[in-house]
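# Notes for the structure review
Spelled out, the chains give:
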Amino acid sequence: MVDLEKAPPARSPEGEPVPRADGEGCLVVAVRLPVRIVALVLVLPVRMAWDALVVAGRFLRDTVLRPVGRALAWLGRALFVWPLVGLWRYVVVPVAKGVGWLGNVLLVVPAVWVYRWVLTPAGRALAWCCAGVGAVLTALGRGLYAGLAWLARHLVVVPAGWLYAWVLTPIGHLLAWCGRGLARCGRGVLWCLGKAVTGIGAVLYWTLRILLVLPALAVWRWVLAPVGRALAVVGRELLDALGHAWRIAGHLSRAVGRALAALFRWTVAEPARWVYRSVLTPVGHAVRDTVLRPLAEAARAAGRAGRQALRSARLSVRRARADLRRTLFGEPERPPSVDRREPSGAKARTLGSSTTALTKD
């Protein structure tokens, strides 16, 4: 909440007022309260609209967006994730394993055999031949290098050394002496030019300092800096006022929202709950016990009667069809019945007698 009471100014032990540490004057303190009131009046509708939008957004998120998002997530899993997982697990992985096994059998094993029993012996033989040829070529190269080195030493190095010692060295000394003389002359010319440039630079420096730097410094110190401090104080006060107004508007908006919620609860929700609990529920129970249950029992009884009638009609149709077939084609011949209840001892005796007769024959 905003502190509407002005704090008493601090005083020194001698009784004199002490200036505030943040440099605020009486004008700032006097302007602060009206600015905060105006900011509260301007910010309060914005904050209430913002709180209403937040409540509507949360209600929309909890009732619409979150269920729709969950449904879309489940649908996405059912349409994309589960088919892709099944395809990967039951199609791609077995096919990849089969292709890998086939590649190993058709490519890797023959390649290893060829490398081990064909390429390795051939490579070793080729390396032995290359080593012999390399030794011969190395010997020839060393002899050729020695001959070329001897020719180069006597045809190039010795004449070049004589030329350097007796021709190029004197010419170089002469050119160095001429260069040192020219360098001394150049240093003198450069010293004169440096002094001239230094004088011209000093004149330009003091001209620019007097005509531009000192006026700009005075404008900065006596105009721009005070204006900037004043604008900083105004901006800080505006931001503080907006912050206080936003917090106070939040408290007021919360109070208004609670009041509206209580009004809605006592004018709509509680009467609706009382009507549902005290009127609609007993009426619904009475309608269910007196109307719906007898209707359901009657419907079930009618269904049972209908099913029994259909069953009886099917049995009558079957009997009529059987009687008509018997009348037209007579009784069907039945195979002679075999007594399958003969004891095991009799079966054994019968089998024994049969075996004896076959043996005698």
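Residues numbered from 1 in each chain as written. Predicted model: local features only at pLDDT ≥ 70, side-chain atom pairs only at ≥ 80, totals over all residues. Heavy atoms only, no water.

## Here's the deal with the overall build of the protein
In terms of regular secondary structure, the protein is built from two helices and zero strands. Here the contacts in the protein between residues at least 6 apart in sequence split such that 67% fall between residues at least 24 apart. Surface exposure of the protein reaches about 31,000 Å², of which carbon and sulfur atoms provide 72%. (Helix = DSSP H or I, 4+ residues; strand = E, 2+ residues; numbered from the N terminus. Contact = heavy atoms within 4.5 Å. Areas by Shrake-Rupley, 256 points an atom, 1.4 Å probe, with all protein chains shown as cover.)

## Comments concerning the confidence of the model for the protein
On average, residues of the protein score 82 in pLDDT, and 83% of them are at 70 or above. Scored below 50 in pLDDT, residues 16-23 makes eight contacts in the model with residues more than four places away or belonging to other chains. Scored below 50 in pLDDT, residues 354-361 shows zero contacts in the model against residues more than four places distant or in partner chains. (pLDDT = per-residue confidence, 0-100.)

## Focus: the layout of surface pockets
Estimated volume of the second largest pocket: approximately 270 Å³. Lining of the second largest pocket is provided by R47, M48, D51, A52, V55, G250, S253, R254, V256, G257 and L260. Of the residues assigned to the lining of the second largest pocket, the class counts are five nonpolar, three polar and three charged. (1 Å grid on protein atoms, 1.4 Å probe; cavity = no way out; pocket = protein on both sides within 12 Å on 5 of 7 lines; lining within 4 Å. Points joined across faces, edges and corners; volume = space filled by probe spheres on them. Nonpolar A, V, L, I, M, F, W, Y, C, P; charged D, E, K, R; others polar.)

## Regarding the nonpolar core
If you look at the biggest cluster of nonpolar residues, it comprises five residues: A39, V43, A241, A245 and A249. For A249, the residues in contact, after removing those within four places along its chain, are L40, V43, L44 and R47. (Core = buried A, V, L, I, M, F, W, Y, C linked by side-chain atoms within 4.5 Å. Buried < 20%, exposed > 50% of the residue type's maximum accessible area, 1.4 Å probe, protein only.)

## Some thoughts on the pattern of salt bridges
Within the structure shown, the criterion is met by seven salt bridges. One network of salt bridges, with partners in common, ties together R61, D62 and R66. (Salt bridge = Lys/Arg side-chain N within 4 Å of Asp/Glu carboxyl O.)

## Quick notes on a positive patch on the surface
Together, R304, R307, R311, R314, R318, R321 and R325 line one region of the surface with positive charge. As for its placement among the helices and strands, R318 is situated in helix α1 (residues 26-329). (Patch = residues over 30% accessible without salt bridge, like charges linked within 9 Å, V, L, I, M, F, W, Y side chains within 5 Å. Lys, Arg positive; Asp, Glu negative; His and termini not counted. Charge placed at Lys NZ, Arg CZ, Asp CG, Glu CD.)

## Considerations on the side chain of S253
Checked against the element boundaries, S253 lands in helix α1. Not counting chain neighbours up to four residues away, the residues in contact with S253 comprise R47, M48 and D51.

## With respect to the packing of aromatic side chains
Under the counting rule described, the total for this entry stands at two aromatic pairs. The interplanar angle of 90° and the centroid separation of 6.2 Å between the aromatic rings of W74 and W82 together place this pair among those described as edge-to-face. On the basis of relative accessible area, W74 is assigned to the partly exposed category, the value being 48%. A ring pair is formed by Y205 and W206, whose centres lie 5.4 Å apart and whose planes are at 75°; its orientation type is edge-to-face. (Phe/Tyr/Trp six-rings, centres within 6.5 Å; stacked < 30°, edge-to-face > 60°.)

## Section: the state of the cysteines
On inspection of all chains with the given rule, the structure shows zero disulfides. No disulfide involves C129; its nearest neighbouring cysteine sulfur is the one of C130, lying 6.8 Å away. (Disulfide = S-S within 2.5 Å.)

## Thoughts on the environment of P294
Examined against the element boundaries, P294 turns out to sit in helix α1. Its relative accessible area of 41% is what places P294 among the partly exposed residues. If near-sequence neighbours (up to four positions away) are discounted, P294 is found in contact with R288 and D289.

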